[in-house]
Amino acid sequence: MKKLLFTLALAGVSVAGMAQNNETSVPEMKYSVATNSFWSNWFVQANVAGTAFYSNEEQGWDLSNSPFKGFRNNLGFSVAIGKWFTPGLGLRTKFNGVWGRTVGADAKGEAWSKDENANKYWTLNEQVLFNLSNMFCGYSNTRVWNFIPYVGAGVGRNMSANTYAMGLSAGILNTFRLSDRFALNFELGYSLWETDMDGIHSGAIESKHGPASRDQMFNVEVGLTYNVGKTRWNKTPDVDALKALSQSQIDALNAQLADSQNENAKLKDMLANQKPVETTKIVKEIAAAPVSVFFNIGKSRIASKKDLQNVKDLVEVAKANNSKIVVTGYADSKTGSSAFNQKLSQKRADVVANELVNMGVSRDNIEVVAAGGVNTLSPVSYNRRATVTIK
């Protein structure tokens, strides 16, 4: 048993070292998460357990305190089911047993042998888990090693003596990610029990210095965790991105309004100063004023189809005079590289040109120009557009 416990501990330390090395070599994507449904983030665990027992009757018997003594320890197993309610906080119900030791000594102060003190027992604990790795370092679905202390309480039964006891538990659970579904466990646990847990009724055997107050257990466990159902946590909505998108649409409408106001001002000025013989010329100049179609940041899809209504009016004039139309695409130079903005402006111009064809304009009468990224209008969002002009 001594060799086995040493092997389990060494294996846990070795895996921890490998996990830390892997963790430093793989970049982690940390982010805030939204609460998942009740049926998400469940897990089950199964472990091989080595348990060392310390009886409340021991004081004064001069028994060795070493957990590796044969009269103290035995192999068993544990199973658990639990759920993570957040990346940092979870609950689990854990069953542990079933072969143990009742630690005591004869009248000469010699410990009972392994053949004399074997018993069968079980414990059932409800435990609160604290994933400190996620709490302090931020949630990451690719983190290899998670450091998880826990505390809990439960009930235990010594089946050999038919006695029950209440107890408290605490420990450290280390999980090492193998995949989204599986993880390797290495766990160190301690529990403190009422005096009947060892199967000896309190006071049945009186020690030289009086009984200790509680029975105790130390556990070393190695096993596997299987994650059930949905295993990851969703990112929280990016409120800033949503605000930026809404703002870009508002900016596009403001730019459209500014263009309309400029055109109206120009029209009023021309009407105020027009001469009767120049009516045809005035109409042509008004028709030649550019019409803007706006886009959201980084997109080549028209932000509002209402922009096309003004384009339709210009198209009617162009078709009536068999005029050519120039479509010029722009991007704002504050966003993206020059190469990206050049391609984006081309896409925007092509999208508007296709709309003109749908309105009945011959492709031969459309000239497409990609102006790339510009910074000619303020605010910068006004530059995310394509203009339509009669040539």
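Residues numbered from 1 in each chain as written. Predicted model: local features only at pLDDT ≥ 70, side-chain atom pairs only at ≥ 80, totals over all residues. Heavy atoms only, no water.

Visitor: Lay out the sheet that holds strand S9 (residues 291-294) with the relevant residues and their values.
Guide: The strand order across the open sheet built from 4 strands is S9-S12-S10-S11, with neighbouring strands paired in mixed fashion. The strands lining the two open edges of the sheet, one partner per strand, are S9 and strand S11 (366-374). Between one strand and the next, the sheet's axes are offset by a mean angle of 20 degrees, whatever the strand orientation. Two elements, strand S10 (residues 325-332) and strand S12 (residues 385-390), share 5 bridges in a ladder whose sense is antiparallel. Looking across to S12, one finds that Ile325 is bridged to Ile390. Against the sheet, helix H5 (residues 307-320) engages S9, S10 and S12, with an angle of about 145 degrees to S9. On the sheet, helix H6 (residues 338-358) packs against S9, S10, S11 and S12 and is oriented at approximately 150 degrees with respect to S11. (Pairing = 2+ DSSP bridges. Helix = DSSP H or I, 4+ residues; strand = E, 2+ residues; numbered from the N terminus. Axes fitted to C-alpha atoms, helices over the stretch in contact; angles between N-to-C directions. Contact = heavy atoms within 4.5 Å.)

Visitor: Please set out the nonpolar core residue by residue, giving values where relevant.
Guide: One finds Val311, Ile325 and Leu356 to be the most contacted residues of the largest nonpolar core, which totals 21 residues. Mapped by element, the contributors of at least two residues to this core are S9, H5, S10, H6 and S12. At 5 residues, H5 tops the list of elements feeding residues into this core. Excluding residues that lie within four positions of it along the chain, Leu356 makes contacts with Val311, Val315, Ile325, Val327, Val361, Ile366 and Val388. Of all hydrophobic cores here, the second largest spans 11 residues; its members include Trp61, Ala105, Ala165 and Met197. (Core = buried A, V, L, I, M, F, W, Y, C linked by side-chain atoms within 4.5 Å. Buried < 20%, exposed > 50% of the residue type's maximum accessible area, 1.4 Å probe, protein only.)

Visitor: Can you explain the sheet that holds strand S5 (residues 145-158)? Please cite residues and give values.
Guide: Ordered by their spatial adjacency, 8 strands build a closed barrel running S1-S2-S3-S4-S5-S6-S7-S8, and the pairing between neighbours is antiparallel. For this sheet, the mean angle separating the axes of adjacent strands, direction not counted, is 25 degrees.

Visitor: Just give me the short version of the packing of aromatic side chains, but keep the residues and values in it.
Guide: Inspection of the entire model under this criterion finds 10 aromatic pairs. Seen from their ring centres, Phe77 and Trp99 are 6.5 Å apart, and the 65 degrees between their planes marks the pair as edge-to-face. Here Phe77 is found in strand S2 (residues 73-84), whereas its partner Trp99 is found in strand S3 (residues 89-101), with 22 residues between them in sequence. According to the relative accessible area criterion, Phe77 is partly exposed, its value standing at 32%. Each ring, one from Trp145 and one from Phe147, has its centre 6.3 Å from the other, and the planes form 80 degrees; the classification is edge-to-face. We classify Phe147 as partly exposed; its relative accessible area is 29%. (Phe/Tyr/Trp six-rings, centres within 6.5 Å; stacked < 30°, edge-to-face > 60°.)

Visitor: An account of the confidence of the model for the protein is requested, with residue identities and associated values reported.
Guide: Summary statistics for the protein give a mean pLDDT of 82 and a share of 81% for residues scoring 70 or more. Taken element by element, the protein is modelled with least confidence in helix H1 (residues 2-25), mean pLDDT 42, and with most confidence in S5, mean pLDDT 97. Every residue in residues 1-28 scores below 50 in pLDDT, and together they form 34 contacts with partners more than four places removed in sequence or on other chains. Note on residues 277-283: pLDDT is under 50 here. Beyond four places in sequence and across chains, it has 3 contacts. (pLDDT = per-residue confidence, 0-100.)

Visitor: Provide a residue-level description of the pairing of S11, including the pertinent values.
Guide: Where S10 meets S11, 7 bridges bridge the pair, whose relative direction is parallel. Looking at the pairing, Val326 lines up with Glu367 of S11. Considered for its hand, the β-α-β crossover made up of S10, H6 and S11 is right-handed. (Right-handed = clockwise from strand over helix to strand, strands pointing away.)

Visitor: Lay out empty space enclosed by the protein in plain terms, naming residues and giving numbers.
Guide: This structure, assessed with the given rule, holds 4 cavities of 30 Å³ or more. Of the pockets and cavities examined, the largest cavity occupies roughly 490 Å³. Lining the largest cavity are 30 residues; nearest its centre among them are Trp84, Asn131, Asn146, Asn227 and Thr231. Element by element, the count of residues in the lining of the largest cavity is highest for strand S6 (residues 163-177), at 4 residues. (1 Å grid on protein atoms, 1.4 Å probe; cavity = no way out; pocket = protein on both sides within 12 Å on 5 of 7 lines; lining within 4 Å. Points joined across faces, edges and corners; volume = space filled by probe spheres on them.)

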